[in-house]
Amino acid sequence: MAKLSQEDLLAQFEEMTLIELSEFVKAFEDKFDVTAAAAVAVAGPAAPGAPVEAEAEQDEFDVILTGAGDKKIQVIKVVRELTSLGLKEAKDLVDGAPKPVLEKVAKDAAEKAAESLKGAGASVEVK
């Protein structure tokens, strides 16, 4: 069998219907025991034996308050600043630790919030 160039492969994919292309991707995944994302399938298959990237880098983080420490009032103030919760809601969150303060935020925002809470005397986890 003659080796096809990338241009030849792309020309073949252009002629396929979406259903045919979907069936091809499934057959390719089964044959080579890999998982292809939609963008990879459109761009063409990877060479056999090529490494497949395992995981994407995490881009959303949760800031979890694990303890209020000695300065509970300061921690409540920081929680209110970070979340725009009312006084009662912020107090309940701090009293009910461990609880998430912020969920699904960017890494820099999570680190900044964790530093603020630690500065107020709280113990914090970033997941």
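As a starting point, this report considers the structure included with it. Counting from 1, residues in each chain are numbered in the order their sequence is written. Local features are withheld for residues below a pLDDT of 70 in this predicted model, meaning they are given only at 70 or higher, and side-chain atom pairs are given and counted only at 80 or more; totals for whole chains, interfaces and linings count all residues. To obtain the side-chain values, all non-hydrogen atoms of the structure were used and water was disregarded.

**Quick notes on the sheet that holds strand 1 (residues 61–67)**
In step 1: In space, the 3 strands of this open sheet follow the order 2-1-3, with antiparallel pairing throughout. In this open sheet, the two strands that pair with only one neighbour each are strand 2 (99–105) and strand 3 (123–126). Strand after strand, the sheet turns through a mean of 20 degrees between neighbouring axes, direction not considered.
In step 2: If DSSP finds at least two bridges between two strands, the strands pair. Counting from the N terminus, the helices are DSSP H or I runs at least four residues long and the strands are E runs at least two residues long. Note that strand 1 and strand 2 share 4 bridges and pair antiparallel. Across the sheet, the residue bridging to Leu65 is Lys99, located in strand 2. Between N-to-C directions, angles cover 0 to 180 degrees, with each direction set by a line fitted to C-alpha atoms, over the stretch in contact for helices.

**Brief notes about the environment of Glu125**
In step 1: Topologically, Glu125 is positioned in strand 3.
In step 2: Distance in space between the C-alpha atoms of Glu125 and Asp62 is 8.1 Å, their sequence separation being 63 residues.
In step 3: Contacts are assigned to residue pairs that have any heavy atoms within 4.5 Å of one another. Apart from residues no more than four positions distant in its own chain, Glu125 is found in contact with Asp62, Val63, Ile64 and Thr66.

**Here's the deal with the nonpolar core**
In step 1: Among the nonpolar cores identified, the biggest contains 21 residues, and Val63, Leu65, Val75, Val79, Val94 and Leu117 are the most heavily contacted of them.
In step 2: Of all the secondary structure elements, the ones that give two or more residues to this core are strand 1, helix 4 (72–83), helix 5 (87–95), strand 2 and helix 6 (107–119). To qualify as a nonpolar core, a set must consist of buried Ala, Val, Leu, Ile, Met, Phe, Trp, Tyr and Cys residues joined through side-chain atoms within 4.5 Å. Any residue under 20% of the maximum accessible area for its type is buried, any over 50% is exposed, and the rest in between are partly exposed; the area is computed with a 1.4 Å probe on protein chains only.

**Re helix 5**
In step 1: What helix 5 keeps buried is the set Ala90, Leu93 and Val94. Down the axis of helix 5, the buried side of the element spans an arc of 95 degrees, and every buried residue falls inside it.
In step 2: Buried residues belonging to helix 5 abut strand 1, helix 4 and strand 2. It is the directions from the helix axis to the C-beta atoms that the arc portrays.

**A closer look at unusual backbone geometry**
In step 1: Its identity as a non-glycine residue notwithstanding, Asp33 has a phi of 55 degrees, on the positive side.
In step 2: Despite not being glycine, Lys104 shows a phi value in the positive range, around 55 degrees.
In step 3: Inspection of the secondary structure puts Lys104 in strand 2.

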